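This is what each chain is made of:
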Amino acid sequence: AVVSTQSTGVITCEGNAAYYEVGAFEYPLREGYSTLGWNHPGFGYSTGIPFGYADANAIEAVYEYATKELGFAPKDITLYGWSIGGYSASYLANSHPEIGNVIIDASFDDIIPLAIPRMPDFLQSVTENCCRKYFNLNNAALLPKYQGPIRLIRRNGDEIISTNGRASGNRGNQLLVAVLQSRYPALFKDPEVEDTVSDWLDQTSPVPRRLSVPGYDMEFCKEQLRNSVGPPDDTLGQGVNRDEKLILAYYLFSKHLTDCEGGHNNPLSRKYFKMPWKKSDDISS
């Protein structure tokens, strides 16, 4: 289904056992975006079976329809993936780097760390093999290859994709780290920055994160980005001291992550559905 109201189009990718008729489709629609919704194979009136390869083929077909039949330019398309729909969005972003934006909401890095705790211990190897063969939903192997604008929305009360019921166990954390390390490896693979980012991900408010950054200076960050060639940028973070690294890391961390109240299945509040940050938003100001 598609509702056209403007030239910017959003393709929504629903979660498990969810349908566009009653799902995430409404979030971009209520903000006035042209919105294209679809159901996973085997859901609703969609034919096929809900395996990873079938889902990949389905989202490719949706993208072809959006660009060739509806006439959306790739740069004007935003992918929004909620929960397992994060895989669909990650797969398409990896296949089509020309896509304009990606928003991943309440999703994870890899299905296996979530599947294993839900199965008996003696079935661990069977679970791993089945997931890799039939349900290889490995977002962390796909999304970091896309270098366009990304926003990750983390539900701080998420009870589905957290392995310990807290923000520290949210598997979206690993996805965020994979994205940041692929874009700015010299900065986010620095051991001290890695430890600090881990501490930030244990928290659910930007206030203690900001307080942990000495002498936060936004103008310094903007100047560093003006001289940056990326993303990806293999050198960003080199030639600066410890405090400057943390300042720069916090700036980029906060631009890519949005903390959201509520649980996995709670409707997304309007204030959280925003287009991802672009470097040009800040360096031109």
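Residues numbered from 1 in each chain as written. Predicted model: local features only at pLDDT ≥ 70, side-chain atom pairs only at ≥ 80, totals over all residues. Heavy atoms only, no water.

## Describing the nonpolar core
- Formed by 50 residues in total, the largest nonpolar core has its most connected members in Ile11, Leu79, Phe188 and Leu252.
- At eight residues, the largest contribution of residues to this core is made by helix H11 (residues 242–256).
- Setting aside anything within four residues of it in sequence, one finds Phe188 in contact with Leu180, Gln181, Val193, Glu194, Val197, Ala249, Leu252 and Phe253.
- Within the second largest apolar cluster, 14 residues are counted, among which are Tyr33, Trp82, Cys260 and Phe273. (Core = buried A, V, L, I, M, F, W, Y, C linked by side-chain atoms within 4.5 Å. Buried < 20%, exposed > 50% of the residue type's maximum accessible area, 1.4 Å probe, protein only. Helix = DSSP H or I, 4+ residues; strand = E, 2+ residues; numbered from the N terminus. Contact = heavy atoms within 4.5 Å.)

## Let's talk about empty space enclosed by the protein
- For the structure on display, the rule yields two cavities of 30 Å³ or more.
- Space inside the largest cavity adds up to approximately 80 Å³.
- As for the largest cavity, its lining consists of 13 residues, and the residues nearest its centre are Ser107, Leu152, Ile153, Arg154 and Gly172.
- Of all the secondary structure elements, the ones that give two or more residues to the lining of the largest cavity are strand E6 (150–155) and helix H6 (172–183). (1 Å grid on protein atoms, 1.4 Å probe; cavity = no way out; pocket = protein on both sides within 12 Å on 5 of 7 lines; lining within 4 Å. Points joined across faces, edges and corners; volume = space filled by probe spheres on them.)

## A short note on the layout of surface pockets
- Roughly 360 Å³ of volume is contained in the largest pocket.
- Arg151, Ser254, Leu257, Thr258 and Asp259 are the residues nearest the centre of the largest pocket, which is lined by 16 residues in total.
- For the lining of the largest pocket, the secondary structure elements donating two or more residues are helix H9 (206–211), H11 and strand E7 (257–260).
- The residue inventory of the lining of the largest pocket, partitioned by class, reads six nonpolar, four polar and six charged. (Nonpolar A, V, L, I, M, F, W, Y, C, P; charged D, E, K, R; others polar.)

## Let's talk about the packing of aromatic side chains
- For the structure on display, the rule yields 14 aromatic pairs.
- A centroid spacing of 6.2 Å and a plane angle of 65° characterise the contact between Phe51 and Tyr53, whose relative ring orientation is edge-to-face.
- Residue class for Tyr53 comes out exposed when judged on its relative accessible area of 51%.
- A ring pair is formed by Phe51 and Phe135, whose centres lie 5.1 Å apart and whose planes are at 85°; its orientation type is edge-to-face. Taken together, the positions of Phe51 in the loop between strand E3 (34–37) and helix H2 (52–69) and Phe135 in the loop between helix H5 (124–134) and E6 put the pair 84 residues apart, joining distant regions of the chain.
- By relative accessible area, which is 24% here, Phe51 ends up partly exposed.
- Note on Phe135: relative accessible area 35%, which makes it partly exposed.
- What links up through ring pairs into an aromatic cluster is the set Tyr27, Tyr33, Tyr80 and Phe273. (Phe/Tyr/Trp six-rings, centres within 6.5 Å; stacked < 30°, edge-to-face > 60°.)

Geometry only, nothing functional implied.
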